[in-house]
Amino acid sequence: MASETFVRQLRDLMTRYLPRIPCEDLSPDSHLTYQLGLDSVELMQLLVLLETECGYVLPEEALSAGDLERVSDLEALVRPVAANDTVGEPELDVKVHCVVSCLCHPIKARGIDHRPLYFGVWDAEVFVDDQARLRYHDEAVDHGFFLTWFERLYGAEVSPWYDPALSKARNIATLETRLAQRKPREHLMVMLDLYRLPERENRFQLNPFPHYVLLENDADPDRLWMWDPDFRWEGSLDRRRVLHAVESPAVAGGVRLDTRHLHEPEPEAVMAYFEVCFQPTDNTLTQAVEQVVRRHLPGGEQPLERLGAALAELPVLAIRKYAYEHGLAYFWRALERPADEFEHWCDEIEALVKGYDAVLYRANKVAHTRTREDLARLSRRIAEQHHREYRVKRALFHAFNDWRKQRSNRGSEPREVAVL
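What counts as what
- Residues numbered from 1 in each chain as written.
- Predicted model: local features only at pLDDT ≥ 70, side-chain atom pairs only at ≥ 80, totals over all residues.
- Heavy atoms only, no water.
- Helix = DSSP H or I, 4+ residues; strand = E, 2+ residues; numbered from the N terminus.
- Buried < 20%, exposed > 50% of the residue type's maximum accessible area, 1.4 Å probe, protein only.
- Axes fitted to C-alpha atoms, helices over the stretch in contact; angles between N-to-C directions.
- Parallel < 35°, antiparallel > 145°, perpendicular 65-115°, else oblique.
- Contact = heavy atoms within 4.5 Å.
- Nonpolar A, V, L, I, M, F, W, Y, C, P; charged D, E, K, R; others polar.
- Pairing = 2+ DSSP bridges.
- 1 Å grid on protein atoms, 1.4 Å probe; cavity = no way out; pocket = protein on both sides within 12 Å on 5 of 7 lines; lining within 4 Å.
- Points joined across faces, edges and corners; volume = space filled by probe spheres on them.
- Salt bridge = Lys/Arg side-chain N within 4 Å of Asp/Glu carboxyl O.
- pLDDT = per-residue confidence, 0-100.
- Core = buried A, V, L, I, M, F, W, Y, C linked by side-chain atoms within 4.5 Å.
- Phe/Tyr/Trp six-rings, centres within 6.5 Å; stacked < 30°, edge-to-face > 60°.
- Lys NZ or Arg CZ within 6 Å of the ring centre and 35° of its normal.
- Left-handed = near helix turned anticlockwise from the far one by under 90°.
- Patch = residues over 30% accessible without salt bridge, like charges linked within 9 Å, V, L, I, M, F, W, Y side chains within 5 Å.
- Areas by Shrake-Rupley, 256 points an atom, 1.4 Å probe, with all protein chains shown as cover.
- Lys, Arg positive; Asp, Glu negative; His and termini not counted.
- Charge placed at Lys NZ, Arg CZ, Asp CG, Glu CD.

Peer 1: What am I meant to see in the side chain of glutamine 302 here?
Peer 2: Within the secondary structure, glutamine 302 is located in the loop between helix H9 (284-296) and helix H10 (307-310). Among the residues examined, glutamine 302 registers a relative accessible area of 13% and is labelled buried.

Okay, here's the thing in structure tokens:
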């Protein structure tokens, strides 16, 4: 429980620097997102202010916006009362990539190994817009890569039901027809704006929040059944509200998945997909972060004080790195390697994901202090992210090669083994 002094300090900071936040009724139990309405950028700004204005020392290794829910959590972060004990820490509710999660839903339901499909996620496309802001979504986004490999790996058939040349009303009419005619083992993937469904989780406080889900008719004609595999949620929602979310001008897209003939992926297809996805000398996300920082440096095209806001969507993208766990687990199990080695790399991947929280924090601090020292700390953090990801990639690559050698020894894959 936060102390009265800490709450008073927090109220003072919010009044001076974040006047949008309603803090009259601030209490130790106030929820930072749902009651105070702090988005990820404002939360990072608040952490910077606690350090620069109040003198608290924040342990960067503990920085994670996802772990901070209430005012009392904030004080626990800046005033740790005991050494952190990670034994028994609850499993993180991993959200990685909504398109891939939807595609994996029918695969998992059939008891087929879905992990290879995640190979394409760890370095999936990210965007930097014309205002030098990092984006996880763009109108130009093309999910054809994942849809094509979903077909090649698993034998599914994918066809679009959404036509961008038609109006929203026409597309929603098509969706209604598809829902009524849906056959067993057919799934309708629909892009909607999750911001328009406040009854659903919007932990990242994004507006709009483009997101893919699976829809089907409910027994009640006034409701729709939603499968949201990325957020591990399913349930019945008011039909009009769901279609209102589909109507959002921020979203456009949908495909039909015919999964009648799903099968286990052939090793040759898995090898080909891995080789397409694996980028040994590039770290897509960290390089995009570097680009954003570079364009906000003094003399650049964007003011430095906007750097933190420009990286606001970094937490949404950072969780894609958990896809490395799927890749390692796939090869590790086939090679029958020790579990403790796998756990070591899971810890390394966890550190990689959490490292982006520290990058975001450092970016917000540079935007606030504008000092060379803080810019240098930010640069070091980014460099550490590169080094850590390359270590993970080397481990993954060697596991992949050993798996391929194993198959070659069985006489099934007489191919050259790739080199890193």
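Peer 1: Is there a simple way to think about the packing of helix H12 (residues 323-335) against helix H13 (residues 339-369) in this case?
Peer 2: In helix packing, the relevant descriptors are the interaxial angle and the interaxial distance, both defined with respect to the helix axes. Two elements in contact, H12 and H13, have axes whose closest approach is 10 Å; the angle formed by their N-to-C orientations is 170°. Compared by their axis directions, H12 and H13 come out roughly antiparallel. Listed contacts from H13 to Tyr324, Glu325, Leu328, Ala329 and Trp332 of H12 are Glu341, Phe342, Trp345, Cys346, Ile349 and Leu352. Residues that form the contact of H12 with H13 fall into these classes: 9 nonpolar, no polar and 2 charged.

Peer 1: I would appreciate a short explanation of the environment of leucine 74 in the present structure.
Peer 2: Topologically, leucine 74 is positioned in helix H3 (residues 71-78). Taking relative accessible area as the criterion, leucine 74 reaches 0% and is therefore assigned buried. Between the C-alpha atom of leucine 74 and that of leucine 43, which follows or precedes it by 31 residues, the distance is 9.9 Å. Those residues in contact with leucine 74 that sit more than four places away from it in its chain are Phe6, Leu10, Leu32, Leu43, Leu46, Leu47, Leu50 and Leu68.

Peer 1: What exactly am I supposed to notice about the sheet that holds strand S4 (residues 186-193) here?
Peer 2: By definition, the strands of a sheet pair up through backbone hydrogen bonds, in either a parallel or an antiparallel sense. Taken together, 6 strands build an open sheet; the order of strands is S3-S8-S4-S5-S6-S7 and the sheet is antiparallel. Every interior strand has two partners, whereas the edge strands, strand S3 (157-160) and strand S7 (233-238), have only one. Across this sheet, the average inter-strand angle for adjacent strands is 30°, counted without regard to direction. Strand direction decides the pairing type here: strand S5 (residues 210-217) and strand S6 (residues 223-228), joined by 4 bridges, are antiparallel. Bridging across to S6, asparagine 217 finds its partner in leucine 224. Here helix H4 (residues 98-109) sits on the sheet and contacts S4, S5, S6 and strand S8 (254-258); the angle it forms with S5, its principal contact strand, is near 30°.

Peer 1: Before we go on, may I ask you to explain the layout of surface pockets in this structure?
Peer 2: Where empty space is left can be seen by rolling a probe of water-molecule size over the atoms. By volume, the second largest pocket amounts to about 1,100 Å³. Taken together, 45 residues form the lining of the second largest pocket, with Arg135, His137, Pro208, Pro210 and Glu313 sitting closest to its centre. Ranked by the residues each element gives to the lining of the second largest pocket, the list is headed by helix H2 (residues 40-52), at 4 residues.

Peer 1: Which parts of the structure should I look at to understand the pattern of salt bridges?
Peer 2: Applying the stated criterion across every chain yields a total of 25 salt bridges. A salt bridge links lysine 393 to aspartate 123, with the shortest nitrogen-to-oxygen separation between them at 2.6 Å. Of the two residues, lysine 393 is situated in helix H14 (residues 372-409) and aspartate 123 in the loop between H4 and strand S1 (127-128); the sequence distance between them amounts to 270 residues. Each member of the pair, lysine 393 together with aspartate 123, is buried. Put simply, glutamate 176 and arginine 239 hold a salt bridge, and the shortest N to O gap is 2.7 Å. Of the two residues, glutamate 176 is situated in helix H6 (residues 168-181) and arginine 239 in helix H7 (residues 239-247); the sequence distance between them amounts to 63 residues.

Peer 1: Teacher, can you tell me more about the confidence of the model for the protein chain here?
Peer 2: Detailed reading of the predicted model is not advised wherever pLDDT is low. Of the residues in the protein chain, 90% reach a pLDDT of 70 or more, and the chain-wide mean stands at 87. Every residue in residues 81-93 is under pLDDT 50, and counting partners more than four places away or in other chains gives 5 contacts.

Peer 1: When you look at the nonpolar core in this model, what are you seeing that I'm missing?
Peer 2: Nonpolar side chains tend to gather and get buried jointly when the protein is soluble and globular. In terms of nonpolar packing, the biggest core is built from 133 residues, with Leu74, Leu117 and Leu134 touching the most fellow members. In terms of residues, this core owes the most to one element, H13, which gives 13 residues. Setting aside anything within four residues of it in sequence, one finds leucine 134 in contact with Val126, Phe127, Val128, Leu285, Ala288, Val289, Val292, Ala310, Leu311, Glu313, Leu314 and Leu317.

Peer 1: Explain empty space enclosed by the protein here, please?
Peer 2: All chains considered together, the criterion is met by 1 cavity of 30 Å³ or more. In this structure, the largest cavity spans a volume of roughly 40 Å³. Split into classes, the residues belonging to the lining of the largest cavity amount to 6 nonpolar, 1 polar and 3 charged.

Peer 1: Explanation requested: the pairing of S6 in the structure shown.
Peer 2: Remember that side chains alternate between the two faces of the sheet whenever the strand is regular. In S6, alternate side chains face the same way, and those of Leu224, Met226 and Asp228 are buried while those of Arg223, Trp225 and Trp227 on the opposite face are not. Summarising the sheet, S6 and S7 pair through 6 bridges and their orientation is antiparallel. Paired with aspartate 228 across the two strands is tryptophan 233, which belongs to S7. Between S6 and the antiparallel strand that follows it, S7, lie 4 residues; arginine 232 among them carries a positive phi value of about 50°.

Peer 1: Can you help me understand the packing of aromatic side chains in this one?
Peer 2: Each aromatic ring pair is described using two quantities: the centre-to-centre distance and the angle formed by the ring planes. All chains considered together, the criterion is met by 25 aromatic pairs. Here the basic side chain of arginine 337 rests over the ring of tryptophan 332, its NZ or CZ set 5.0 Å away from the ring centre.

Peer 1: Before we go on, may I ask you to explain the packing of helix H1 (residues 4-17) against H2 in this structure?
Peer 2: Two numbers describe how H1 lies on H2: the axes approach to 11 Å, and their chain directions differ by 115°. The handedness of the crossing between H1 and H2 is right-handed. Only Leu46, Leu49 and Leu50 of H2 make contact with H1, whose side of the interface consists of Phe6, Leu10, Leu13, Met14 and Tyr17. Here the residues of the contact of H1 with H2 sort into 8 nonpolar, no polar and no charged.

Peer 1: Quick question: what am I supposed to make of a negative patch on the surface here?
Peer 2: A surface patch of negative charge is lined by Asp340, Glu341, Glu343 and Asp347. Turning to its location among the elements, aspartate 347 is positioned in helix H13.

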